[in-house]
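# Chain and residue survey
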Amino acid sequence: MNILVATVLFILILLFAAPRMALGESPSIVSADDIMVKIRLGLPVEYDKVAIIGNLTSERLGLTAKQILRIPFEVKMPASDGPMQVNSSIVIKDSIIYGRVDFYNTLFHKPVIFENTFFIENASFENSTFEEDSAFAHCMFMKTASFAGSRFSAKVNFLQTYFNGSSSFSSTQFGGIADFSHARFYSDVQFASSQFASDADFGETDFRGRANFIGSLFGQAAKFNKTKFEKETSFEMANFAGSVQFLRPFFNSTADFISAQFTEDAFFNEAQFMGPAFFAGARFSDLAEFRDCHFPAGVEFKESNFGIDATFCNTSFLQRADFKASNFLGFADFCGSNFACDADFSNCGFQGPADFSRSTFSEKINLHDAQFGKNVHFESSKINKINLTRARYEWLFLKWDSINHLEFDDGAYQKLIDNYKKLQWQADSSDCSSSYFKAIVQAAPNDSHLWIINGIRSIVLGANFSSLPSLI
């Protein structure tokens, strides 16, 4: 590309990205070799509104300053045994880099700042170390960008950075604050096995491609507020050691949090999960909040553990909600929620109070073999079908007229009748008993079994069964 074309393109991009630049300004043309010479000599690199022509590659740091200027950049240099040392501070703003950028296995001892800069070709900082603050804020990577295996010892800033090609931060270590807020990833991005020792901010970040955070570690606060995930997103086996916020995020496809660990508070309030959501085997050691969430495509929390309170108030489950074999050690709050399809709480353990009041179960709620250590509340709820087989509870506040159908089980019926008697809900006890007798008749219609049915009547009601109205 000749210098004239490069200059014209540079001006057009800067007019789009940096409107504060005066219309009359024209960029200076800088050779990449001149920059590499400064880096080789340990001199500060400071440029503003320039067009950089040529490749910036760490392999050339093995040459002397004179060799850098004399040897063509196309020459392949032999690999170095150790990391390349950079003692220059690098500050490049409002500029455009036309060549390839490759600082593989480079140790930057001083700040590295790229601000509002365009990387036209591939950019790689793989396996490099940034000892002081670094920034790529408001930059645009037109092709691939890789920071895989790198270490940022201090703060790093990717505020409102655009990644047009695929990008990778796999196994990257962030020692200071990592700011990715308002960033845009237009292709797939890898954060697998990355480590954030300090706060990580992905607020209002836009992931247009697949986002992979498998096995990542968040040592302090992690924020994903109003973040958009357009395609498949995975936080499988991620470890959130600090508090985590997913306030009003948007997941347009599959969201995978299988076996994720949440050590402190986890907030998913007003989250929109448009695709299937998987939290199977997740561990919430502290408060877990899913208030006002929307699960239109199904959600799975089976075998999850909620160490303190778990809140799902006013949440909509439009497909199957699977909480099978989960443990709720604190208060389990599902008040005001809507379950449009089956809700499976079978084999669950509720050590604290459980509140399903004002909730609607349009299909079936399965409480088979569920164990409740404290009170269970279903006041003002609506249940189409419920399975209470082998469910264990002391006090169940569930009005009989809230149930459309109780799946038949002798023990379930008898326990529920006893529960109503303890609550002194006489009408509910009577209505439940009548339904119980009808269910027995349907299960054993043969006349030879009538004496068994009549015997059950007398035991349950403590009355002369001959005076009771016929149920056959």
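Because the structure is predicted, anything quoted here is derived from the model rather than measured.

Further remarks concern the nonpolar core. If you look at the biggest cluster of nonpolar residues, it comprises 122 residues, and the most contacted ones within it are F268, F279, F284 and F345. When residues in this core are grouped by element, the largest group, six residues, is from helix α4 (residues 410–423). Aside from chain neighbours lying at most four places away, what touches F279 is F257, F268, F273, F284, F290, V299, E300, F301 and S304. Ranked by size, the runner-up nonpolar core spans six residues in total, among them A51, I96, F118 and M140.

The side-chain alternation of strand β2 (residues 45–48) yields one buried face, formed by V45 and Y47, and one unburied face, formed by E46 and D48. For β2 and strand β6 (residues 90–93), the ladder comprises four bridges, and the chain directions are parallel. Each bridged residue has a counterpart across the sheet, and for V45 the counterpart in β6 is I90.

Quick look at helix α2 (residues 32–41) now. Residues A32, D33, I35, M36, V37 and I39 constitute the buried set of α2. The N-capping residue of α2, defined by a side-chain oxygen 3.2 Å from the backbone nitrogen of D33, is S31.

We now examine the pattern of salt bridges. In this structure the tally under the stated criterion is 15 salt bridges. Taking the shortest distance from any N to any O, the salt bridge between D102 and R100 comes out at 3.6 Å. As a salt-bridge pair, R291 and E289 come within 3.6 Å of each other at their nearest N and O atoms. Taking the relative accessible area as the measure of exposure, R291 reaches 31% and is therefore partly exposed. Through salt bridges with shared partners, a single ionic network connects D48, K49 and D94.

We now examine the packing of aromatic side chains. Counted by the stated rule, this structure contains 118 aromatic pairs. Ring centres 6.1 Å apart and planes at 40° place the aromatic pair F301 and F306 in the tilted group. The class for F301 is buried, based on a relative accessible area of 0%. On the basis of relative accessible area, F306 is assigned to the buried category, the value being 0%. K415 extends its terminal NZ or CZ atom over the ring of Y393, reaching a point 4.8 Å from the ring centre. The ring of W395 has K422 lying over it, and the distance from NZ or CZ to the ring centre is 4.7 Å.

Empty pockets left among the atoms are what a rolling probe the size of a water molecule brings to light. Its volume calculated, the second largest pocket comes out at about 200 Å³. In terms of lining, the second largest pocket is formed by W400, I403, N404, H405, L406, F408, Y413, S435, K438, A439 and Q442. By residue number, the principal contributor to the lining of the second largest pocket is helix α5 (residues 426–443), which donates four residues. Residue composition of the lining of the second largest pocket, grouped by class: six nonpolar, four polar and one charged.

A positive phi is found at S171, a non-glycine position, where the angle reads about 60°. Looking at S171, the relative accessible area reads 40%, which means it is partly exposed.

Along the polypeptide, Q190 turns up in strand β24 (residues 189–190). Taking C-alpha positions, Q190 is 9.1 Å from S171, a pair spaced 19 residues apart along the chain. Beyond its immediate sequence surroundings of up to four residues, Q190 is in contact with S167, S168, F169, S170 and N212.

So, on to α4. Taking 1.5 Å of rise per residue, the 14 residues of α4 would be expected to cover 20 Å, and the 20 Å separating its terminal C-alpha atoms lies within 8% of that figure. Two or three places before G411, at the start of α4, stands the capping residue D409, its side-chain oxygen 3.2 Å from that residue's backbone nitrogen. Looking one or two residues past α4, Q424 carries a phi angle of roughly 60°, positive in sign.

Here the focus is the side chain of S124. Inspection of the secondary structure puts S124 in strand β12 (residues 123–124). Once residues within four sequence positions are removed from consideration, S124 is found in contact with V101, D102, F103, Y104 and S146.

Along the polypeptide, I214 turns up in the loop between β28 (211–212) and β29 (217–218). Taking the relative accessible area as the measure of exposure, I214 reaches 28% and is therefore partly exposed. Taking C-alpha positions, I214 is 6.2 Å from S193, a pair spaced 21 residues apart along the chain. Setting aside its immediate chain neighbours within four residues, I214 contacts A192, S193, S234, E236 and M237.

What counts as what
- Residues numbered from 1 in each chain as written.
- Predicted model: local features only at pLDDT ≥ 70, side-chain atom pairs only at ≥ 80, totals over all residues.
- Heavy atoms only, no water.
- Core = buried A, V, L, I, M, F, W, Y, C linked by side-chain atoms within 4.5 Å.
- Buried < 20%, exposed > 50% of the residue type's maximum accessible area, 1.4 Å probe, protein only.
- Helix = DSSP H or I, 4+ residues; strand = E, 2+ residues; numbered from the N terminus.
- Contact = heavy atoms within 4.5 Å.
- Pairing = 2+ DSSP bridges.
- Polar contact = N/O pair within 3.5 Å; in protein donor to acceptor, adjacent residues only side chain to side chain.
- Salt bridge = Lys/Arg side-chain N within 4 Å of Asp/Glu carboxyl O.
- Phe/Tyr/Trp six-rings, centres within 6.5 Å; stacked < 30°, edge-to-face > 60°.
- Lys NZ or Arg CZ within 6 Å of the ring centre and 35° of its normal.
- 1 Å grid on protein atoms, 1.4 Å probe; cavity = no way out; pocket = protein on both sides within 12 Å on 5 of 7 lines; lining within 4 Å.
- Points joined across faces, edges and corners; volume = space filled by probe spheres on them.
- Nonpolar A, V, L, I, M, F, W, Y, C, P; charged D, E, K, R; others polar.
- Expected span 1.5 Å × (residues − 1).

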